[in-house]
Number of protein chains: 4
Amino acid sequence: MQVMIDLCVVPLGVGVSVSSYVARCQQVFEEAGLEHRMHAYGTNVEGDWDEVMAAVKRCHDELHQMGAPRINTSMRMGTRIDRKQTMDDKINSVANKLNN
Amino acid sequence: MQVMIDLCVVPLGVGVSVSSYVARCQQVFEEAGLEHRMHAYGTNVEGDWDEVMAAVKRCHDELHQMGAPRINTSMRMGTRIDRKQTMDDKINSVANKLNN
Amino acid sequence: MQVMIDLCVVPLGVGVSVSSYVARCQQVFEEAGLEHRMHAYGTNVEGDWDEVMAAVKRCHDELHQMGAPRINTSMRMGTRIDRKQTMDDKINSVANKLNN
Amino acid sequence: MQVMIDLCVVPLGVGVSVSSYVARCQQVFEEAGLEHRMHAYGTNVEGDWDEVMAAVKRCHDELHQMGAPRINTSMRMGTRIDRKQTMDDKINSVANKLNN
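Being a predicted model, the structure only gives us computed values, none of them experimental.

As a further point, take the relation of the copies chain D and chain A. Placing chain D over chain A gives an RMSD of 0.0 Å and needs a rotation angle of 180°, together with 0.0 Å of translation along the axis. The superposition of one copy onto the other is thereby described by a two-fold rotation axis. Taking the C-alpha atom as reference, chain D places His39 of chain D closest to the rotation axis, 3.7 Å from it. Looking at the interface residues of chain D, 100% of them are also at the interface in chain A, so both copies use one shared face.

What follows is the structure in structure tokens.
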């Protein structure tokens, strides 16, 4: 089963600057070979369900190892069985509506 | 790694009434033997990370089998390594603050 | 327009214990006279859109005044125009499916 | 008070294709003169709290008028009083960590 997620991982107990933790997550997705795109309030990742979720778990593991005692993640997860749809497909679909 | 999640699974393409799909998810958590509590806008589940995430995946699988062509889930996921904290611990901690 | 929300307000930069901040939000909803129910990973609130959103803003205001330099909230928001549906209606609807 | 949000508005009861609804929300943010950026699983918006929330309310209003009987939105909301931080600031902060 393919899944597209948007996740925002927030470490607690490490002060207000969390960019080094967010950067580590980007490396996790890169190392996992998963298509991923960061935006200003989270990251889109798509791929096989088990591979994507293994990477999300590794984000929590790595951030705890970096010293974060507590982590609070919010995540959207989308699956569909009617057809395949990539990140670009979703964006193009809205763009087409805006241009017509 | 223990995790506490709050998830809200929303099937698309099946009309506005989604309670039978939500009920199926409750059965999935029950059958998985996971501590779970439904509220008016989601469900709290706690347990071992892999067991909880396997149940979330099974929710998507089952709802697709029930006929939902597309599913959109929103989920919070909390982990901590400083101490154990159950659902009751979290609620009692806030209640104590309100009573003092 | 009526709305039902589920929100989880997380202050950053104040350590790992956030229960006193969550308790303050419960007081904000109580003082606003809004129907609200806390669970282990957030709070359900229902009422008029403008009143509910004013209370959410006041949560951010109050927590900043308590000393939180940064706040990260995750929120679900549901509206419907086909019929009225309270928090109890939603829970009962699922419970009926589980019992049949 | 400035706020940065990431929102994902999902109409129910209108089938599986929701791109025309998402496109309408983009127009709402454009017409409101708010900085906004769509990604594959939501939209970042930043600005004054009251202006941003008025636009979110207008998204729900407009989508109901387009025929959606029910809407389920998930939203992250971030505020901070320690310093100003734009969408580009957040992205650059992570990018700097990745390059060092």
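Next comes the rest of the description.
Per the UniProt record, "domain: Thiamine-binding protein" (unreviewed entry) is annotated on residues 6–94 of chain A. Overall, residues 6–94 of chain A shows 43% helix and 34% strand. The separation of its end C-alpha atoms is 18 Å.

Superposition of chain B onto chain A requires a rotation of 180° combined with a translation of 0.0 Å along the rotation axis, giving an RMSD of 0.0 Å. Comparing interface residues between copies, 100% of those in chain B also sit at the interface in chain A, which points to an isologous, same-surface contact.

Attention shifts here to the sheet that holds strand E1 (residues 2–12) of chain A. Sheets are built from strands that pair by backbone hydrogen bonding, the pairs being arranged parallel or antiparallel. Pairing within the open sheet is antiparallel, and its eight strands lie in the order E2(A)-E3(A)-E1(A)-E4(A)-E4(B)-E1(B)-E3(B)-E2(B). The open sheet has two edge strands, strand E2 (35–39) of chain A together with strand E2 (35–39) of chain B, and neither has a second partner. Going from strand to strand, the sheet's axes swing by 20° on average, the running direction of each strand aside. Those strands touched by helix H2 (residues 49–65) of chain A are E1, strand E3 (42–48) and strand E4 (70–80) of chain A together with strand E4 (70–80) of chain B, and its axis lies near 170° from that of E4 of chain A.

Conventions we followed
Residues numbered from 1 in each chain as written. Chains lettered and ligands numbered in written order. Predicted model: local features only at pLDDT ≥ 70, side-chain atom pairs only at ≥ 80, totals over all residues. Heavy atoms only, no water. Least-squares fit on C-alpha atoms with pLDDT ≥ 70 in both. Contact = heavy atoms within 4.5 Å. UniProt positions renumbered as here; feature names shortened; annotations may be inferred. Helix = DSSP H or I, 4+ residues; strand = E, 2+ residues; numbered from the N terminus. Pairing = 2+ DSSP bridges. Axes fitted to C-alpha atoms, helices over the stretch in contact; angles between N-to-C directions.

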